[in-house]
Amino acid sequence: MAKHVPVDEQLSAAHTQTIKATLPLVGSKIDEITPIFYQRMFDAHPELLRDTFNRANQKQGAQQKALAASVAHFAMMLVDPARPNLDDLLSRIGHKHVSLGITEDQYQIVHDNLFAAIVEVLGADVVTADVAEAWDEVYWIMARTLVRFEKKRYAELGVPDGKVFHTVTVARRTDLSSDTASFELVARDGDRSLNGFAPGQYISVRRTLADGAGQLRQYSLCNAGGDGTWQITVKKTLGQGSPDGEVSGSIIAGLHAGDELEVSLPTGDLVFDEGTNPVVLISAGIGATPMLGMARHLATRPGKRELVVLHADHDADDAALVEELSQATEQAGGTFHPWFTHGSTLGSTSGRMNLERVELPEGASYYLCGSNGFLQAMRSQLAEREVPAESIHFELFSPNDWLLPA
């Protein structure tokens, strides 16, 4: 499966100097550039807001900042001789694009509207022909790199470019808490032969809402795979400060056994490394979903690898997936450590997750999923424990995931 996204092109020497000179200004104006960029693009292509971009994220401005800032972030990494490897940053973007069915022609749409917004904000006297050429080169190096990756991933999935969506049937709905439910999905024709997937991957779900918009949201697959079924777990709200998502709310309110659902093929780069070293899974809240898939995968081969599972949640009496995660960990022969800010269960710790007294196995691979703040806190704690950065793999459930440095 395609994961690494090598950047095979270099920025020309002349343009490198221009980007270095203008990058601070462009970066400082991102918050002004992004709303103008999106307004232009959605005015010219309203179908993108209806059927591709998440409207809840747009209202909060999160997705706006993520997409536009990723170009500036990529430019910064191109001109820095000591830059970190670009593979991880581009891999997260590329996999997300594949889950949305993004195609090569859409890069031109983004380019035209983004650069028009840059000129509008900075002025034509600043964005001279030389400056425009330099930023054009940055953008198209990034675009061509992503297009190559996305085409390769579509080929691996066995579909024409962008044709990742199909219809499945809900075989079973299980309500897990007051705002969370799990859905078992099978092929529409009933033969239960959905594509296989790697533990940790996700699918996009498209829901047609009351106004006719086909809104998209990604959900991790949380079953072990291999039996031709997919399982997703959906939480109505994503937590304090996050949008009360239209798609998740629609699913919780109106999706039941026997209903049909439009979904993409599985993708995602938080994939389980099939090695022999120990594994540590760390999650918070609904971030347990990819961890559950990994733990269930290990449970199919108990004792093969040492497993430690750490999970933080809000309310012990109304937490989803904790029991399932504990069971899967036990079946895999691992150890499970839960934290709750309210209430407790047998073996749980009160308060926020703290790794200070947790025994971490030597040479482990770490997989993390949760909010931006949670991941930053966990990565800081792991750094204090001298866990190598290259051993830590993560995924956010926010549109800014590729802007969190690896």
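What you see is a predicted model; the values in this text were computed from it and never measured.

Let's talk about the confidence of the model for the protein chain
Overall, the prediction assigns the protein chain a mean pLDDT of 87, with 89% of residues at 70 or greater. Note that residues 239-243 has pLDDT below 50 and, in this model, six contacts with residues that lie over four places away or in other chains. Counted against residues more than four places away or in other chains, residues 399-406, with its pLDDT under 50, gives 35 contacts.

What about the pairing of strand E7 (residues 279-284)?
Each regular strand carries side chains that alternate between the two faces of the sheet. Along E7, six of the six residues are buried, which leaves the element largely enclosed by surrounding structure. What you see with E7 is no split at all: Val279, Leu281 and Ser283 on one side and Val280, Ile282 and Ala284 on the other are buried throughout. Pairing of E7 with strand E8 (residues 307-315), which is carried by six bridges, proceeds in the parallel orientation. Within E8, the position partnered with Ser283 by the bridge is His311. Considered for its hand, the β-α-β crossover made up of E7, helix H10 (residues 288-299) and E8 is right-handed.

Focus: the pattern of salt bridges
In the structure shown here, the tally under the stated rule is 13 salt bridges. Of the charged contacts, one joins Arg173 and Asp175 as a salt bridge, the two residues approaching to 2.9 Å between their closest N and O atoms. When the shortest N-O distance is used, the salt bridge between Lys235 and Asp179 registers 3.0 Å. Separated by 56 residues along the polypeptide, Lys235 in strand E5 (residues 230-235) and Asp179 in the loop between strand E1 (165-175) and strand E2 (180-187) bring together distant segments of the chain. Residue classification places Asp179 among the buried residues on the basis of a relative accessible area of 17%. Taken together, the salt bridges that share partners define one network made up of Glu9, Arg144 and Arg148.

Definitions and cut-offs
- Residues numbered from 1 in each chain as written.
- Predicted model: local features only at pLDDT ≥ 70, side-chain atom pairs only at ≥ 80, totals over all residues.
- Heavy atoms only, no water.
- pLDDT = per-residue confidence, 0-100.
- Contact = heavy atoms within 4.5 Å.
- Buried < 20%, exposed > 50% of the residue type's maximum accessible area, 1.4 Å probe, protein only.
- Helix = DSSP H or I, 4+ residues; strand = E, 2+ residues; numbered from the N terminus.
- Pairing = 2+ DSSP bridges.
- Right-handed = clockwise from strand over helix to strand, strands pointing away.
- Salt bridge = Lys/Arg side-chain N within 4 Å of Asp/Glu carboxyl O.

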